[in-house]
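Each chain is listed here by its residues.
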Number of protein chains: 2
Amino acid sequence: MTIPRAAKTLRRTRIQEEKEERILEAALDVFSVSGFRGSTIDQIAEAAGMSKPNLLYYFRTKEAMHRALIDRVLFTWLEPLRAFDAEGNPEAEIRSYIRRKLEMARDFPRESRLFANEILQGAPHIEDELKGPLKELVDEKAEVIRAWVRAGKIAKCDPYHLIFSIWATTQHYADFDVQVRAVLGQNHAGEGRFEDAARFLEQLFMNGLRPRQASSAP
Amino acid sequence: MTIPRAAKTLRRTRIQEEKEERILEAALDVFSVSGFRGSTIDQIAEAAGMSKPNLLYYFRTKEAMHRALIDRVLFTWLEPLRAFDAEGNPEAEIRSYIRRKLEMARDFPRESRLFANEILQGAPHIEDELKGPLKELVDEKAEVIRAWVRAGKIAKCDPYHLIFSIWATTQHYADFDVQVRAVLGQNHAGEGRFEDAARFLEQLFMNGLRPRQASSAP
DNA sequence: GTAATGTTTTACCAATCGGTCAAATTATCG
DNA sequence: CGATAATTTGACCGATTGGTAAAACATTAC
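Every chain is numbered on its own, with residues counted from 1 as its sequence reads. The order in which chains are written sets their letters, starting at A; the order in which ligands are written sets their numbers, starting at 1. Restriction of local features to residues with pLDDT of at least 70 applies here, the model being predicted, together with a cutoff of 80 or more for giving and counting side-chain atom pairs; totals for whole chains, interfaces and linings are based on all residues. Excluded from the side-chain calculation are hydrogens and water; included are all heavy atoms of the structure.

## Focus: the protein's contact with DNA strand C
Inference 1: Here a residue counts as near a molecule or strand whenever at least one of its heavy atoms sits within 4 Å of it. Taken together, 21 residues lie around DNA strand C, and Q16, K19 and Y58 of chain A together with I41 and K62 of chain B are the ones closest in.
Inference 2: Note that a phosphate oxygen of DNA strand C is positioned 3.0 Å from one of the side-chain N or O atoms of Y57 of chain A.
Inference 3: Taking I41 of chain B, its main chain carries an N or O atom lying 3.0 Å from a phosphate oxygen of DNA strand C.
Inference 4: Helix and strand assignments follow DSSP, with helices taken as H or I runs no shorter than four residues and strands as E runs no shorter than two, numbered in order from the N terminus. Among the elements that make up the surface near DNA strand C, the one with the highest residue count is helix 3 (residues 52-58) of chain A (four residues).
Inference 5: Throughout this entry, Asp, Glu, Lys and Arg are counted as charged residues, while Ala, Val, Leu, Ile, Met, Phe, Trp, Tyr, Cys and Pro are counted as nonpolar. The remaining residues, Gly among them, count as polar. Split into classes, the residues belonging to the surface near DNA strand C amount to eight nonpolar, eight polar and five charged. Definition of a polar contact: a pair of N or O atoms within 3.5 Å, with one able to donate and the other able to accept a hydrogen when the atoms are protein atoms, and with sequence-neighbouring residues admitted only if both atoms are side-chain atoms.

Here it is as structure tokens:
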């Protein structure tokens, strides 16, 4: 007798690892384009080169696939913000945060769009993660930024909106990629796009945040 | 004999205007949340308080509703960029562009999300508008900005990425509203949010774009 | 080997999807 | 009023949806 989906948690087969990996990869392709509601299990099955009931053998529902995907991706996604170091040099920290976020937009656009789709549609599946772990992490880093402001190391500004604007500007190149390409056209649409964006954003934020009034230089 | 959908173009009834208006309003509610694929005619019908076949009397297909909505909203959406004035004062023009875009994110979040959903999903229905009218408008305004740079009125920067970053930062407050609320929590989540955002973004862009090296002052 | 377990497929289901049709209802106009 | 056109509805259609059941097939353990 075959103990169906319960036994999986006891011992994981090599086949299970491979297939679950393949399914999540396909699910990322599909969910990142069409969002949860707009995606179908059949689409994911076809992308994975597997039959629909076979997918449902590994993930009981469409929602289970989505959730597994979110869980797997969320941790990595927040890595750059976590790396934000209170002890580091403010200018260097912000600069490298922008750079890392931009690299992620370039290298993991599907992951970016997965979250964008989810949040855009009201975040019905990740509300808890936003209000819990995400908020806590941002609160922590906002405090770091606030300390830099108090020390006069960067211009006086709202740390939350600073973080939002870095998220927005960098992820824009993943989420709105078609629009960026359409507007830039053939001329600047080459792979120099990301270098241009990096140069612009670094300039914008570095000049925009340079302390203006009081100086803390010894 | 009732001439169904052809006669509509000849003479428009009062009822037609009202019902089409009601349908598009409901369609905006639904499409802006779930995107084209994720939305159903039944959802729109329920939101409009009408029967499904009645919707389809006014718009032959789901796509026709979506297209009508896009067409109606796109023009208004680009208004702030169109208002960008080459003769005006660069600092004031950019500042008021940011402000107007932010006001639109606050007052028309559904419209913002409608486009965000569409572009995120590869812009299958508005590719032509992006590559045509939008690109032309942006090209024109980019030239204006480039002239300001040449005249030393603002810092040297890529005009396209400047426009992208204004789009990204302002629309973020409409498209990622749930996330913004979740992160800000109860404390700053009040309606002061938009004033705080406006203050931050104005500071960022004004300082970020102030000419640094050569001065053009007479 | 063979028996038990793990995996995959075929056939299927009820619900929902976008959309049609003809009949019923309502508004308009002379 | 009556006739004609405009609007609305209920019943329905084939395709697709998320998901199931059971048997066929493959793998592993002994």
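Resuming the write-up.
## Side note on the interface of chain B and chain A
Inference 1: By definition in these notes, contact holds between two residues if any of their heavy atoms fall within 4.5 Å. Each partner contributes to the interface: chain B provides 58 residues, whereas chain A provides 57 residues.
Inference 2: Reported buried area values correspond to the accessible surface (1.4 Å probe) lost by two parts on association, with both partners' losses combined. Interface area, chain B with chain A, both sides summed: about 5100 Å², of which 66% is carbon and sulfur.
Inference 3: Three residues, L120, H161 and V183 of chain B, lead the burial of chain B against chain A; their summed loss comes to 14% of the area buried on that side.
Inference 4: We define a salt bridge as a side-chain nitrogen of Lys or Arg found within 4 Å of a carboxyl oxygen belonging to Asp or Glu. Linking chain B to chain A there are zero salt bridges.
Inference 5: Our enumeration of links across chain B and chain A arrives at ten residue pairs in polar contact (both at pLDDT 80 or more).
Inference 6: Elements that contribute at least two residues to the side of chain B that touches chain A include exactly helix 1 (14-38), helix 6 (109-120), helix 7 (127-150), helix 8 (159-175), helix 9 (177-188) and helix 10 (193-209) of chain B.
Inference 7: Here the side of chain B that touches chain A takes twelve residues from helix 8 of chain B, the largest share from any one element.
Inference 8: Partitioned by chemical class, the residues of the side of chain B that touches chain A number 27 nonpolar, 19 polar and twelve charged.

## With respect to the relation of the copies chain B and chain A
Inference 1: The copies are overlaid by a least-squares fit using only the C-alpha atoms of residues whose pLDDT is at least 70 in both copies. The two copies are related by a screw motion: chain B maps onto chain A through a turn of 180° and a shift of 0.0 Å along the axis, at an RMSD of 0.1 Å. The superposition operator between the copies reduces to a two-fold rotation axis.
Inference 2: A high fraction, 98%, of the interface residues of chain B reappear at the interface in chain A, so the copies pair face to face through one surface.

## Details of the pattern of salt bridges
All names here are of chain A.
Inference 1: Across all of its chains, the model carries 38 salt bridges over all chains by this definition.
Inference 2: One salt bridge in this structure joins D71 and R67, with 3.2 Å as the shortest N-O distance. Of this pair, D71 and R67 both sit in helix 4 (residues 62-77), four residues apart, roughly one helical turn.
Inference 3: The salt bridge partner of D196 is R199, with a shortest N-O separation of 3.3 Å.

## Section: the nonpolar core
Inference 1: Grouping buried Ala, Val, Leu, Ile, Met, Phe, Trp, Tyr and Cys residues that are joined through side-chain atoms within 4.5 Å yields what is termed a nonpolar core. Per-residue accessibility, obtained with a 1.4 Å probe over protein chains only, is compared with the maximum for each type, and a residue is labelled buried under 20%, exposed over 50%, and partly exposed between these values. Core analysis: the biggest nonpolar cluster contains 141 residues, and I94 and F205 of chain A together with I94 and F205 of chain B have the highest contact counts within it.
Inference 2: The contacts of F205 of chain B, once residues within four sequence positions are left out, are L204 of chain A together with I98, L162, S165, I166 and T169 of chain B.

## Focus on unusual backbone geometry
Residue and element names in this part refer to chain A.
Inference 1: Positioned with a positive phi, A123 is a non-glycine residue whose angle comes to about 50°.
Inference 2: Among the secondary structure elements, A123 is positioned in the loop between helix 7 (109-120) and helix 8 (127-150).
Inference 3: Exposure remark for A123: the relative accessible area of 0% places this residue in the buried category.

## Observations regarding the confidence of the model for chain A
Residue and element names in this part refer to chain A.
Inference 1: When the pLDDT values of chain A are averaged, the result is 90; 91% of them are 70 or greater.
Inference 2: By mean pLDDT, the top-scoring element of chain A is helix 9 (residues 159-175) (98), and the lowest-scoring one is helix 10 (residues 177-188) (90).
Inference 3: On a scale of 0 to 100, pLDDT captures the predictor's confidence in every residue. Below a pLDDT of 50 lies the segment residues 1-10, which in the model reaches seven contacts outside its immediate sequence neighbourhood of four places, other chains included.
Inference 4: Of the regions scoring below 50 in pLDDT, residues 214-218 engages in two contacts with residues more than four places distant in sequence or in other chains.

## What to know about the protein's contact with DNA strand D
Inference 1: Looking at DNA strand D, there are 22 residues lining it, with K62 of chain A together with Q16, K19, Y57 and Y58 of chain B nearest.
Inference 2: Sugar plus phosphate, as a fraction of atoms of DNA strand D within 4 Å of the protein: 62%.
Inference 3: N54 of chain B places a polar side-chain atom, nitrogen or oxygen, 3.1 Å from a phosphate oxygen of DNA strand D.
Inference 4: A distance of 2.6 Å is found between a phosphate oxygen of DNA strand D and a side-chain nitrogen or oxygen belonging to Y58 of chain B.
Inference 5: For the surface near DNA strand D, the secondary-structure elements that each account for two or more residues are helix 2 (41-48) and helix 3 of chain A together with helix 1 and helix 3 (52-58) of chain B.
Inference 6: A per-element tally of the surface near DNA strand D places helix 3 of chain B first, with four residues.

## Points about the packing of aromatic side chains
Inference 1: Between 30 and 60 degrees the pair is tilted, below 30 it is stacked and above 60 it is edge-to-face, where a pair is any two Phe, Tyr or Trp rings, Trp via its six-membered ring, whose centres lie within 6.5 Å. On inspection of all chains with the given rule, the structure shows 16 aromatic pairs over all chains.
Inference 2: A ring pair is formed by Y57 of chain A and Y58 of chain A, whose centres lie 5.0 Å apart and whose planes are at 80°; its orientation type is edge-to-face.
Inference 3: Under the relative-accessibility criterion, Y57 of chain A is labelled partly exposed at 35%.
Inference 4: The interplanar angle of 85° and the centroid separation of 5.5 Å between the aromatic rings of F84 of chain B and Y97 of chain B together place this pair among those described as edge-to-face. Note that F84 of chain B is positioned in the loop between helix 4 (62-83) and helix 5 (90-107) and Y97 of chain B in helix 5, a separation of 13 residues in sequence. Each member of the pair, F84 of chain B as well as Y97 of chain B, carries the same accessibility label: buried.
Inference 5: Each member of the aromatic cluster is reached from another via a ring pair, and the members are F164 and W167 of chain A together with Y173 and F194 of chain B.
Inference 6: Working rule: Lys NZ or Arg CZ, within 6 Å of ring centre, within 35 degrees of ring normal, means a charge sits over the ring. Above the ring of F75 of chain B, the side-chain terminus of R82 of chain B is found at 4.1 Å from the ring centroid.

## Observations regarding the environment of P159 of chain A
All names here are of chain A.
Inference 1: Turning to its location among the elements, P159 is positioned in helix 9.
Inference 2: By relative accessible area, P159 is classed as buried at 3%.
Inference 3: Placed 14 residues apart in sequence, P159 and I145 show a C-alpha to C-alpha distance of 5.9 Å.
Inference 4: Residues within four places of P159 in sequence aside, it is in contact with A142, I145 and R146.

## A look at the side chain of R113 of chain A
Inference 1: Looking at the element boundaries, R113 of chain A is found in helix 7.
Inference 2: It is D177 of chain A that comes nearest to the buried, bridge-free R113 of chain A among opposite-charge side chains, at 4.1 Å.
Inference 3: With residues near it in sequence (within four places) discarded, R113 of chain A still touches S32, A174, D175 and D177 of chain A together with L120 of chain B. Under the convention used here, Asp and Glu are negative, Lys and Arg are positive, and both His and the chain ends fall outside the count.

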